[in-house]
Amino acid sequence: MEQPKGVDWTVIILTCQYKDSVEVFQRELEIRQKREQIPTRTLLLAVEDPEVHVGSGGATLNALLVVAEHLSARAGFTVVTSDVLHSAWILILHMGRDFPFDDCGRAFTCLPVENPQAPVEAVVCNLDCLLDIMSHRLGPGSPPGVWVCSTDMLLSVPPNPGISWDGFRGARVIALPGSTAYARNHGVYLTDSQGFVLDIYYQGTEAEIQRCARPDGRVPLVSGLVFFSVETAEHLLATHVSPPLDACTYMGLDSGARPVQLSLFFDILLCMARNVRREDFLVGQPPEMGQGDADIAGYRHGARAELWRELRDQPLTVAYVPDGSYNYMTNSASEFLHSLTFPGAPGAQVVHSQVEERQLLGARSSVVSCLLEGPVQLGPGSVLQHCHLRGPIHIGTGCFVSGLDVAQSEALHGLELHDLVLQGHHVQLHGARSRAFTLVGRLDSWERQGTGTYLNMSWSQFFQKTGIRDWDLWDPDMPRIERCLLNARLFPVLHPSRALGPQDMLWMLDPQEAGSKALRAWRASWRLSWEQLQPCLDRAATLASRRHLFFRQALHKARHVLEARQDLSLRPLIQAAVREGCPGPLMATLDQVAAGVGDPGVAARALACVADVLGCMAEGQGGLRSGPAANPEWVRPFSYLECGDLARGVAALAEERDKWLSRPALLVRAARHYEGAGQILIRQAVMSAQHFVSSVPVELPAPGQWVVAECPARVDFSGALLKAAFICAGIVSVHSKLSLSTSSILAGAALAALQRAAGRAVGTEALIHAVLHLEQVLTTGGGWQDQVGGLMPGIKVGRSRPQLPLKVEVEEITVPAGFVQKLNDHLLLVYTGKTRLARNLLQDVLRSWYARLPAVVQNAHNLVRHTEECAEAFRQGSLPLLGQCLTSYWEQKKLMAPGCEPLAVRRMMDVLAPHVHGQSLAGAGGGGFLYLLTKEPRQKEALEAVLAKTEGLGNYSIHLVEVDTQGLSLQLLGD
């Protein structure tokens, strides 16, 4: 099923809690725009989210005001006007509050998923998934208006959720299914049969939840998604000038207004629910505000009264997506680990990571953006993210480890971690950047209520085990009921004499081993609580560090893919390196591979990847990728390659490359020369076929005698591997004016005649390899399919193993008695009159293959598989099956070489289609010959009449053909 066309967003606005993070997250949006995840015309805004003061509802109103301001200014207005909303598609993304398992919040929590279709390789964050859902699944089809999406949940939505927007007005919430048990701790919608929302419950009673249940027993969960029509958005925007709602926006706060907290769902949307009464609404209190705000109940009463006046008449409907899923990202480490692992998976999920010893990764474990060297053991259900570790390391079950670099690996040696959360953080303390490390238990609670635990044990057990005392963690005047994990000063951030490491927390796991020295060092450090640590987190450094590690592992990946000869495309990785401004290290790695691998095929692919990097750097400018590659400045590196000195040749190429990086035209020309360098290596590899060329002396022809070589032309039914050879009478006669032979067959005939004239006889197998060598000398390139088809008789399969020296092996196919004549009666050859030079086409095909584009790799595998099916059709003697093979084969060739089918040829094939079992252009179509397998025998005259009635076909002709049973023949003729 095709993915719907994406929404062309007018504005995407991301609200973030910390003022100093606005620029950081603005850049993250711009990076995603470069990756083609966001339309280039979209206005991107990251703004400070005043949610801590004004709640999710106030943050929505503030974001809407900021958007209206920007669009008004862009339209030339000097005041805010809601008119700018009428033709705008707006997406507001709320980042929400702190998240204990990712310093950049739930939006930037990385997920163990990859998108193989993505044009640019990158780690997938929750934000990326939500952007994709909003742009390609929920957003398409919606009218202009405002989408609001929280980023504190994991969503799954089918490609076509089936939401109808016919006759829509008001606001619409998107509800996803959940169990009644799950609903006890979440929000749920009560709706009528027409889809109108009657009420919204949060942590409702059993009876309330059961009233919301649908026939399948599931309930529609409040899923953090809502759409406001333009009309409703205008009503909401109008409240920003009405006290006390003006205090929800930056304008009100900047004017000194007292903040008022509003919930998006339990204030703004609840007033639109049909069963809600005004008097109940005005005295109500949204659940997310807690009980500590009762003193401002009157202030909130005025705010709710204003919302009721402005929004009550707006209808609120629900779009229920039964095939979707919703999972709120709680502060529970157990739930977080469960969401990042796959209970049914037999092995580990390894995503954007290089792992030397994968057998040490347990089932249901997850590794995201990591570089693991040596023995690093990961237990079942554990997660590693953003780590560069060097073993031996043993991380047991139920662990989450993130943000550790190789420098911290030693602290883990000799330990076995279980049910722990260990994180490395980038922090800024009074302007100075440093690292801090936190350690908590998987079972520890971040809630303020309850007795609380630390490292999965009670506080009393922890104190007894470690020697730490409660006065180390909390001020003596803090009431015991308020003491909790959030405000315990556990985490060292500065030591007076050395840098901190994980060992400054890990000693608590085995204090007997560490002794009192570790406790004294811990007490000597400046320590912060989790709450105190959050404003000190350096999110810019965190994201930069993650990006740096991603490219570090990516360089390992590039090297491994090339050296292991894997059919994985490096094009998305190349795009990522170029678009994020770091192509240099990638090209240096490719240079190292090319120079040191010792395999001309791998080296040629590495040089082709360098050419891809240069082409991407040109950003579509500078001319066509295919072109000449013989500039005198590149002669020196080429000469080293010609002499077989790969290391000096690669070094000289890199030295010359540095002079061609200043503008697109030079980049494209440099890319052409790198492809030329790769062709030198290909040529040397193919020329190894000369190893199988031999001859025996024979009697010289008498003076005046002619040596005449005759051989058939070839057409291919499948693979570029399976060939059927045909002969047109006299086409290679010395006296003939027709030249229907393809270049490689002509070369074979010429070589055979010249060798015979020189008194040497060459076998057909040797001749096949000699033509390969000849074509490399001529620098025309090409394979061995022509000479196999034209020099060998009958119907055959040609194969060559992936090894050097290159050897071609041919297998004849046995067909049923009488089938060859039947084939002759149904075969026709049509000269279309449309010829072209195939050289640039060959460059394009090689470029796509070296890039290992997924579609090209899959097509190559299909070609090989299809070969065996076609061979079986010959063995069965089935013309309909052969026709299907022929037509499929032409489709596969078009995928391999886009643009090889001229429009006039397509018209001709469409006209002939009702009369044939199948048809294809010969080879890559450069010679202009089309061969047909007709449904009825002897159809030459009938099809000539059909084509004569078709306009615009140009100079064409139809020829009778036969399966050749002789192959190459040599004759000595007199004068």
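Just above sits the structure.
Help me understand the pattern of salt bridges in this model?
When charged atoms on two side chains of opposite charge get close, those side chains can pair. Inspection of the entire model under this criterion finds 47 salt bridges. Arg309 serves as the salt-bridge partner of Glu306, at 2.3 Å between the closest nitrogen and oxygen. In this pair, Glu306 and Arg309 both sit in helix α10 (residues 297-311), 3 residues apart, roughly one turn of the helix. The residue Arg648 makes a salt bridge to Asp645 at a minimum N-O spacing of 3.9 Å. By relative accessible area, Arg648 is classed as partly exposed at 47%.

Explain empty space enclosed by the protein here, please?
Rolled over the atoms, a probe sized like a water molecule indicates the empty space that remains. Summed over all chains, the structure comprises 4 cavities of 30 Å³ or more. Looking at the largest cavity, its volume works out to about 230 Å³. Forming the walls of the largest cavity are 17 residues, and the residues nearest its centre are Arg35, Val123, Cys125, Arg546 and Arg547. Going through the elements one at a time, α1 (22-34) and α17 (539-563) are the ones with two or more residues in the lining of the largest cavity. Counting residues per element, the lining of the largest cavity draws most heavily on α17, which supplies 5 residues. When grouped by side-chain class, the residues that make up the lining of the largest cavity number 8 nonpolar, 2 polar and 7 charged. When its volume is computed, the second largest cavity comes out at roughly 120 Å³. Lining the second largest cavity are 16 residues; nearest its centre among them are Tyr18, Met95, Asp98, Gly105 and Arg539.

Can you help me understand the environment of Leu806 in this one?
Here Leu806 lies in the loop between β33 (795-800) and β34 (808-812). Residues in contact with Leu806, not counting those within four places in the same chain, are Ala685, Val686, Ser688, Ala689, Phe692, His769, Leu772 and Ser800.

Would you mind going over helix α30 (residues 879-896) with me for this structure?
Given 3.6 residues per turn, any residue in an α-helix points the same way as the ones three and four places further on. In this model, α30 (18 residues) spans 25 Å end to end at C-alpha, consistent with the 26 Å of a helix rising 1.5 Å per residue. When we look at burial in α30, the residues that qualify are Leu879, Leu882, Gly883, Cys885, Leu886, Tyr889, Trp890, Gln892, Lys893, Lys894 and Met896. The N-cap of α30, judged by a side-chain oxygen 3.2 Å from the amide nitrogen of Leu881 a few residues on, is Ser878.

I'm lost on α10 in this one. Help?
For α10, spanning 15 residues, the distance from its first C-alpha to its last is 21 Å, which sits close to the expected 21 Å at 1.5 Å a residue. Three or more residues of α10 are buried, namely Arg300, Ala303, Arg304, Glu306, Leu307, Trp308, Glu310 and Leu311. Buried residues along α10 sit against α6 (230-238), α8 (264-269) and α9 (278-283).

How do you make sense of the environment of Ile13 when you look at a structure like this?
Of note, Ile13 is situated in strand β1 (residues 11-16). Given a relative accessible area of 0%, Ile13 falls into the buried group. Sequence separation between Ile13 and Phe25 is 12 residues; the distance between their C-alpha atoms is 10 Å. Look past the residues within four positions of Ile13 in its chain and what remains in contact with it is Leu45, Val47, Ala63, Val66, Val67, Leu91, Ile92 and Leu93.

I keep staring at the packing of aromatic side chains and nothing clicks. Help me out?
We describe a pair of aromatic rings using the distance from one ring centre to the other and the angle between the two ring planes. Tallying each qualifying case throughout the model produces 27 aromatic pairs. Consider the rings of Phe99 and Phe336, whose centres lie 5.5 Å apart with planes at 80 degrees: the pair is edge-to-face. In this pair, Phe99 sits in the loop between β3 (89-94) and α3 (126-138) while Phe336 sits in helix α11 (residues 333-340), placing the two residues 237 residues apart along the sequence. By relative accessible area, Phe99 is classed as buried at 2%. The exposure class of Phe336 is buried, given its relative accessible area of 4%. Pairing Phe336 with Phe400 gives two aromatic rings, centres 5.1 Å apart and planes at 85 degrees, and the pair type is edge-to-face. Taken together, the positions of Phe336 in helix α11 and Phe400 in strand β20 (residues 400-402) put the pair 64 residues apart, joining distant regions of the chain. One exposure class covers both Phe336 and Phe400, and it is buried. Aromatic ring contacts, followed pair by pair, group Tyr454, Trp459, Phe462, Phe463 and Trp474 into a single cluster. The cationic tip of Arg172 hangs over the ring face of Trp165; the distance from NZ or CZ to the ring centre is 4.8 Å. The ring of Trp522 is capped by Arg527, whose NZ or CZ atom sits 3.9 Å from the centre of that ring.

Honestly, the environment of Lys557 in this entry has me stumped. Any pointers?
When you line up the elements, Lys557 lands in helix α17. Taking the C-alpha atoms as reference points, Lys557 and Ala749, separated by 192 residues in sequence, lie 46 Å from one another. Dropping the residues within four chain positions of it, Lys557 is found in contact with Glu121 and Gln354.

Where do I start with the nonpolar core in this structure?
Within soluble globular proteins, side chains that are nonpolar generally end up buried alongside one another. Of all hydrophobic cores here, the largest spans 103 residues; its most connected members are Phe25, Leu91, Phe108, Leu138, Trp147 and Tyr674. Here this core gets 12 residues from one element, more than from any other, and that element is helix α20 (residues 600-617). Apart from residues no more than four positions distant in its own chain, Leu138 is found in contact with Ile133, Trp147, Val157, Pro161, Ile163, Trp165, Ile174 and Leu225. Grouped together as the second largest cluster of nonpolar side chains are 60 residues, Leu384, Leu404, Trp446 and Phe462 included.

Parameters at a glance
Residues numbered from 1 in each chain as written. Predicted model: local features only at pLDDT ≥ 70, side-chain atom pairs only at ≥ 80, totals over all residues. Heavy atoms only, no water. Salt bridge = Lys/Arg side-chain N within 4 Å of Asp/Glu carboxyl O. Helix = DSSP H or I, 4+ residues; strand = E, 2+ residues; numbered from the N terminus. Buried < 20%, exposed > 50% of the residue type's maximum accessible area, 1.4 Å probe, protein only. 1 Å grid on protein atoms, 1.4 Å probe; cavity = no way out; pocket = protein on both sides within 12 Å on 5 of 7 lines; lining within 4 Å. Points joined across faces, edges and corners; volume = space filled by probe spheres on them. Nonpolar A, V, L, I, M, F, W, Y, C, P; charged D, E, K, R; others polar. Contact = heavy atoms within 4.5 Å. Expected span 1.5 Å × (residues − 1). Polar contact = N/O pair within 3.5 Å; in protein donor to acceptor, adjacent residues only side chain to side chain. Phe/Tyr/Trp six-rings, centres within 6.5 Å; stacked < 30°, edge-to-face > 60°. Lys NZ or Arg CZ within 6 Å of the ring centre and 35° of its normal. Core = buried A, V, L, I, M, F, W, Y, C linked by side-chain atoms within 4.5 Å.

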